[in-house]
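Residues per chain, in single letters:
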Amino acid sequence: MSDIVEIRDLRKTYAGGFEALKGVTLNIHEGEILALLGPNGAGKTTLISTVCGITQASGGSVHVGGFDILEEFRAARSMIGLVPQEIALEPFEKVISTVRFSRGLFGKPRDDARIEAILKKLSLWDKRDNQLKELSGGMKRRVLIAKALAHDPRVLFLDEPTAGVDVELRRDMWETVAELKADGVTIILTTHYIEEAEAIADRVGVIAKGELMLVEDKDDLMRQMGKKQIEVQLSEPLTAIPEALASYALELRGDGCALVYSYDTRAERTGITTLLNDVAAAGLVLRDMQTRQTSLEEIFVDLVAAAEGDAA
Amino acid sequence: MNFTAIMAIYKFEMARFFRTLMQSFLSPVLSTSLYFVVFGAAIGSRIDEVEGVSYGAFIVPGLIMLSVMTQAISNASFGIYFPKFIGTIYELLSAPVNFLEIVCGYVGAAATKALFIGLVILVTAHFFVDLEIQHPLAMLAFLVLTCLSFALLGFILGIWAGNFEQLQLVPLMIVTPLVFLGGSFYSISMLPPVWQTVTLFNPVVYLISGFRWSFYGMADVPIGLSLLAIGGFTLACLAVIWWIFRTGWRIRN
Ligand SMILES: Nc1ncnc2c1ncn2[C@@H]1O[C@H](COP(=O)(O)OP(=O)(O)OP(=O)(O)O)[C@@H](O)[C@H]1O
Ligand SMILES: [Mg+2]
C-alpha cells in the first residue's frame, strides 16, 4: 500500500511557547481509515490543522499525495477535505449555497448533480434551502461534512465527527465513513470513544502530550486484546514446570508460586478445563486463581499515563 | 490564478449585500438627502459660491468620497473579520487559494458595494443640484481606485481587529475625521495659512481634491500629486497584506 500522507518529525510550538507537537512522524496509507485517540489537549486538532494549512508548523514536513503542503500547497490542499471540531457556519447562508461555495473555493466548476448526490447521501437534500441557523447541531455537522466533500477530496480529516451526536446518528456517521472508504477516500478521524475506533478504523493511533505513542493495525491490537491470561496461584512454590504440563506453554512467575497460561478468548476451545484437570492430576494444590485481559482501553490508559510520567 | 475560487468568494460576499439590498440602497439615499438639506440648503445659502461653483454642487464630490471610503472600509473589514469571528475562516485557510485570490474576492466585493453606493449618491445628488462632470473617465477612475484602496485598508483592519469594538472604532476615530478635515465640505484655500500646511499631511485631501477636479476642473493640490497619493496608498496596502499572508500574522496561529 502506498502512503498518501507522509508526516515527518512535525513540530508545533504556539506563540506562548507551548509545545503542542513534539516531532510527530506518521504515514497514512491510501484508502485506510485511521483513528487518532488521545485525551483532551493531546494535540490531535493541532496535528490536523497543521496538515490542512490552518496553523503553521514550527518544524518538520508534510506531504499529501507526494506534494509538499507548503511548496505545492495547491496540489496538496486540493486533495484534502476537512471537517473541523468546532461547528462554524454562516448563520444566514442556505445549505446548498454554502456547499456550492466550498466547491468553488477549491477551484472546481459548478456541478449541481454532484452537490445533489452529496446532500442526499448526508440526508440534507430536504433541508437544502434552509438557512444554516435553522438546522440542528447534528445537521450542521453533516453540512460541514458535505462542504468538505464538495470538491471530491481523496483524503478526509474528521475532527471528532461524533462528539455530541446521538447514538443513532453516530451509527449513520459510521456508515457514511464506511461508504466513503468504499469510494476510495482515505479517512483520518479523531475521537475520544474507543468503541468508535474499534468499530470503524483500520489502524489506530494514540497521541498524548504532543507525541504519537502508537500506531498499529486495529486487528493486531484486537488480537492482543483478545488474549486473556489465567494465573493459577499455588500453595507450594515450584522450581520447574512439571513434565505433565509441558504441552501448555506455561510461564512460571512469582518465585515459582504462580503459573500463567495465555489463551484466546475467541478460540473454540480455550483449554482451561483440561489444564485445570492436569494441574490437579500433577498433584499441585491451588490457592487462588485470577484472569486478566488487555483491552484497547487499557493500552490507551497505560500509554497516556506513561506520557504524563515522562512529562512530569 | 484560481479564478473559480475568486468568483466563489466574490459571489458569496455579494450575496450578503443582496440580502440587505434595501438597506444598502436606502441608507445612502437618505443620508445624502439629509446632507443636502443641512449643508446645501441651510449653510450653503450663506456660502453661496466656492471658486465659481455653487456650494451645493461643490460638496457633492466630498460627500461621495465620504460615503465611499467609510463603506469600502466597513464592508471589507467586516467581510474578513466575520469569518475569523465565527470560525469559518478555516475553510479559506485550508483551500488551494493564495493571498492574492482571497484579497481579490473580498476586496473586489467590498469595492463593488462601495462603488454602487457612490453611484447611488451621485444620482441622488443630481436631483438636488446641477452637476457637471468635466472629466468623466477620470472621475470613474478616481472613484474606483478609492473604492479599491479603502477596501484594501478595510481588509487589513478586519484581519487586525480582535473584537467588534476595534472594528468600528478605527473608521470612526481615524477615517471619519480625516475625511471631514480633508476638504469634503470646504476648499483648503478657505483655511488660515497654518492650517493649509497642516492639512497637506492628511492623505485624504489628495483624493478629494483629485476627485473634485474631475467634476469642476479645480483642485487644492496638483492632480498629478493626487494620482501619486492614491497609487502609493494602494501599493502600501497591498504590501501590508502581502506581508500578513506571508507571516500568517493574526490568521495562522
Ligand atoms: N491557538 C493556540 N494557542 C496556544 N495554545 C494552543 C492553541 N491551540 C491549542 N493550543 C494548545 O495545544 C494543545 C493541544 O491542543 P489541541 O486542540 O491540538 O488538542 P486536542 O488533542 O485536539 O484536544 P481535544 O480532544 O480537547 O480536542 C493544548 O494544550 C492547547 O491548549
Ligand atoms: Mg481537538
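Because the structure is a prediction, the values reported are computed rather than measured.

Reading guide: rules and limits
- Residues numbered from 1 in each chain as written.
- Chains lettered and ligands numbered in written order.
- Predicted model: local features only at pLDDT ≥ 70, side-chain atom pairs only at ≥ 80, totals over all residues.
- Heavy atoms only, no water.
- Helix = DSSP H or I, 4+ residues; strand = E, 2+ residues; numbered from the N terminus.
- Rg over C-alpha atoms; globule rule 2.2 N^0.38 Å.
- Buried < 20%, exposed > 50% of the residue type's maximum accessible area, 1.4 Å probe, protein only.
- Contact = heavy atoms within 4.5 Å.
- Areas by Shrake-Rupley, 256 points an atom, 1.4 Å probe, with all protein chains shown as cover.
- Lys, Arg positive; Asp, Glu negative; His and termini not counted.
- Charge placed at Lys NZ, Arg CZ, Asp CG, Glu CD.
- Pairing = 2+ DSSP bridges.
- Donors = N, O, S within 2.8 Å, 3.2 Å for Na, K, Ca; no water.
- Phe/Tyr/Trp six-rings, centres within 6.5 Å; stacked < 30°, edge-to-face > 60°.
- Right-handed = clockwise from strand over helix to strand, strands pointing away.
- Patch = residues over 30% accessible without salt bridge, like charges linked within 9 Å, V, L, I, M, F, W, Y side chains within 5 Å.
- Salt bridge = Lys/Arg side-chain N within 4 Å of Asp/Glu carboxyl O.
- Domains from an automatic or database assignment.
- Near = heavy atom within 4 Å.
- Polar contact = N/O pair within 3.5 Å; in protein donor to acceptor, adjacent residues only side chain to side chain.
- Core = buried A, V, L, I, M, F, W, Y, C linked by side-chain atoms within 4.5 Å.
- Disulfide = S-S within 2.5 Å.
- Axes fitted to C-alpha atoms, helices over the stretch in contact; angles between N-to-C directions.
- Parallel < 35°, antiparallel > 145°, perpendicular 65-115°, else oblique.
- Left-handed = near helix turned anticlockwise from the far one by under 90°.
- Nonpolar A, V, L, I, M, F, W, Y, C, P; charged D, E, K, R; others polar.
- Buried area = accessible area lost by both parts, 1.4 Å probe.

**Concerning the overall build of chain A**
Then, in step 1: Within chain A, the regular secondary structure consists of 10 helices and 14 strands.
Then, in step 2: What you see for chain A is a C-alpha radius of gyration of 25 Å, clearly larger than the 20 Å of a compact globule of 312 residues, by over 25%.
Then, in step 3: Along the longest, intermediate and shortest principal axes, the C-alpha atoms of chain A span 80 × 45 × 35 Å.
Then, in step 4: Per-residue burial over chain A gives 46% buried out of 312 residues.
Then, in step 5: Here the contacts in chain A between residues at least 6 apart in sequence split such that 69% fall between residues at least 24 apart.
Then, in step 6: Surface exposure of chain A reaches about 14,600 Å², of which carbon and sulfur atoms provide 48%.
Then, in step 7: Of the side chains in chain A, 37 bear a positive and 50 a negative charge, and the two mean positions are spaced by 7 Å.

**What to know about the pairing of strand E6 (residues 80-83) of chain A**
Residue and element names in this part refer to chain A.
Then, in step 1: Residues Ile-80 and Leu-82 point to one face of E6 and Gly-81 and Val-83 to the other, with burial holding for every one of them.
Then, in step 2: As paired elements, E6 and strand E7 (residues 155-159) share four bridges and run parallel to each other. Within E7, the position partnered with Gly-81 by the bridge is Leu-156.

**Notes on the coordination of the magnesium ion (ligand 2)**
Then, in step 1: Distances from the magnesium ion (ligand 2) to its protein donors, namely A:Thr45 (OG1) and A:Gln85 (OE1), fall within the range 1.9 to 2.1 Å. Taken together, the positions of A:Thr45 in helix H1 (residues 44-52) and A:Gln85 in the loop between E6 and helix H3 (95-105) put the pair 40 residues apart, joining distant regions of the chain.

**Some thoughts on the packing of aromatic side chains**
Residue and element names in this part refer to chain B.
Then, in step 1: One pass over the structure, following the stated rule, counts 20 aromatic pairs over all chains.
Then, in step 2: With 5.7 Å between their ring centres and 55° between their planes, Phe-17 and Phe-18 make a pair best called tilted.
Then, in step 3: Owing to a relative accessible area of 7%, Phe-17 belongs among the buried residues under this scheme.
Then, in step 4: Pairing Phe-17 with Phe-116 gives two aromatic rings, centres 5.6 Å apart and planes at 85°, and the pair type is edge-to-face. Residue Phe-17 is located in helix H1 (residues 3-19), and its partner Phe-116 is located in helix H5 (residues 99-126); the two are separated by 99 residues in the primary sequence.
Then, in step 5: Here the aromatic cluster, defined as three or more aromatic residues joined through ring pairs, consists of Phe-78, Tyr-81, Phe-82, Phe-85 and Phe-164.

**Some thoughts on the pairing of strand E8 (residues 186-191) of chain A**
Residue and element names in this part refer to chain A.
Then, in step 1: Of all six residues making up E8, six are buried, and the element is well covered by its neighbours.
Then, in step 2: Of the two faces of E8, both are covered, the one formed by Thr-186, Ile-188 and Thr-190 as well as the one formed by Ile-187, Leu-189 and Thr-191.
Then, in step 3: Crossover E7 to E8 through helix H6 (residues 167-182) is right-handed.

**Examining a negative patch on the surface**
Then, in step 1: On the surface, A:Asp166, A:Glu168, A:Asp172 and A:Glu175 cluster together into a patch of negative charge.
Then, in step 2: Along the chain, the position of A:Asp172 falls in helix H6.

**Thoughts on the domain arrangement of chain A**
Then, in step 1: With domains assigned, chain A is organised as domain 1 (3-223) and domain 2 (227-293).
Then, in step 2: Put simply, the middle of domain 1 of chain A and the middle of domain 2 of chain A, counted by C-alpha atoms, are 47 Å apart.

**Some thoughts on the site of ligand 1**
Then, in step 1: In the region of ligand 1, 15 residues are neighbours, and A:Asn40, A:Gly41, A:Lys44, A:Thr45 and A:Thr46 sit closest.
Then, in step 2: Around ligand 1 the close residues trace back to chains A and B.
Then, in step 3: Between ligand 1 and A:Asn40 there is a distance of 2.7 Å, counted from an oxygen atom to a side-chain nitrogen or oxygen.
Then, in step 4: One of the side-chain N or O atoms of A:Thr45 is found 2.6 Å from an oxygen atom in ligand 1.
Then, in step 5: Protein contacts shield 67% of the accessible area of ligand 1, which totals 640 Å² for the unbound molecule.
Then, in step 6: Per element, the largest residue contribution to the shell around ligand 1 is three residues, and it comes from H1(A).

**Considerations on the nonpolar core**
Then, in step 1: With 145 residues, the main nonpolar core has A:Val64, B:Phe155 and B:Phe245 as its most contacted residues.
Then, in step 2: Take this core: its biggest share by element is 15 residues, from helix H3 (residues 55-86) of chain B.
Then, in step 3: Not counting the four nearest positions on each side in its chain, A:Val64 is found in contact with A:Ile4, A:Val5, A:Val51, A:Ile69, A:Ala76, A:Met79, A:Ile80 and A:Val155.
Then, in step 4: The next biggest cluster of nonpolar side chains, apart from the first, holds 13 residues, and it includes A:Ile230, A:Val232, A:Leu245 and A:Leu275.

**Side note on the environment of B:Leu93**
Then, in step 1: If you trace the backbone, B:Leu93 turns up in helix H4 (residues 89-94).
Then, in step 2: C-alpha of B:Leu93 to C-alpha of B:Val175: the two residues are 82 residues apart in sequence and 30 Å apart in space.
Then, in step 3: Discounting chain neighbours no more than four positions away, the residues touching B:Leu93 are A:Cys52, A:Gly53, A:Ile54, A:Arg77, B:Ile251 and B:Arg252.

**With respect to the state of the cysteines**
Linking two cysteines covalently via their sulfur atoms produces the bond known as a disulfide.
Residue and element names in this part refer to chain B.
Then, in step 1: The full count for this structure, using the stated rule, is zero disulfides over all chains.
Then, in step 2: Note on Cys-147: no disulfide assigned, nearest cysteine sulfur contributed by Cys-237 at a separation of 14 Å.
Then, in step 3: Owing to a relative accessible area of 1%, Cys-147 belongs among the buried residues under this scheme.

**Side note on the pattern of salt bridges**
Residue and element names in this part refer to chain A.
Then, in step 1: Taken as a whole and assessed by the stated rule, the structure comprises 20 salt bridges over all chains.
Then, in step 2: Put simply, Arg-8 and Glu-6 hold a salt bridge, and the shortest N to O gap is 3.8 Å.
Then, in step 3: A relative accessible area of 28% means that Glu-6 is categorised as partly exposed.
Then, in step 4: One salt bridge connects Arg-253 with Glu-251, and the closest N-O pair in it is separated by 3.2 Å.
Then, in step 5: Assessed through its relative accessible area of 39%, Glu-251 is described here as partly exposed.
Then, in step 6: It is possible to trace a salt-bridge network through shared partners that takes in Asp-9, Arg-11 and Glu-19.

**Points about the packing of H3(B) against helix H7 (residues 164-180) of chain B**
All names here are of chain B.
Then, in step 1: Running from N to C, H3 and H7 cross one another at 165°; their axes reach a closest spacing of 11 Å. Taken together, H3 and H7 sit at an angle that is classed as roughly antiparallel. In the packing of H3 onto H7, the handedness of the crossing is right-handed. In this structure, H3 contributes Leu-66, Met-69, Thr-70, Ile-73, Ser-77, Phe-78, Tyr-81 and Phe-85 to the contact, and H7 contributes Phe-164, Leu-167, Pro-171, Val-175, Thr-176, Val-179 and Phe-180.
Then, in step 2: Class assignment of the residues belonging to the contact of H3 with H7 gives a composition of 12 nonpolar, three polar and no charged.

**Some points on the interface of chain B and chain A**
Then, in step 1: Counting residues at the interface gives 28 residues for chain B and 28 residues for chain A.
Then, in step 2: Summed over both sides, the interface of chain B with chain A buries roughly 2,600 Å², with 57% coming from carbon and sulfur.
Then, in step 3: The three residues of chain B that bury the most area against chain A are B:Phe12, B:Tyr90 and B:Pro96, which together make up 27% of that side's buried surface.
Then, in step 4: Seen at the junction of chain B and chain A, the total is four salt bridges.
Then, in step 5: For the interface between chain B and chain A, the tally reads nine residue pairs in polar contact (both at pLDDT 80 or more).

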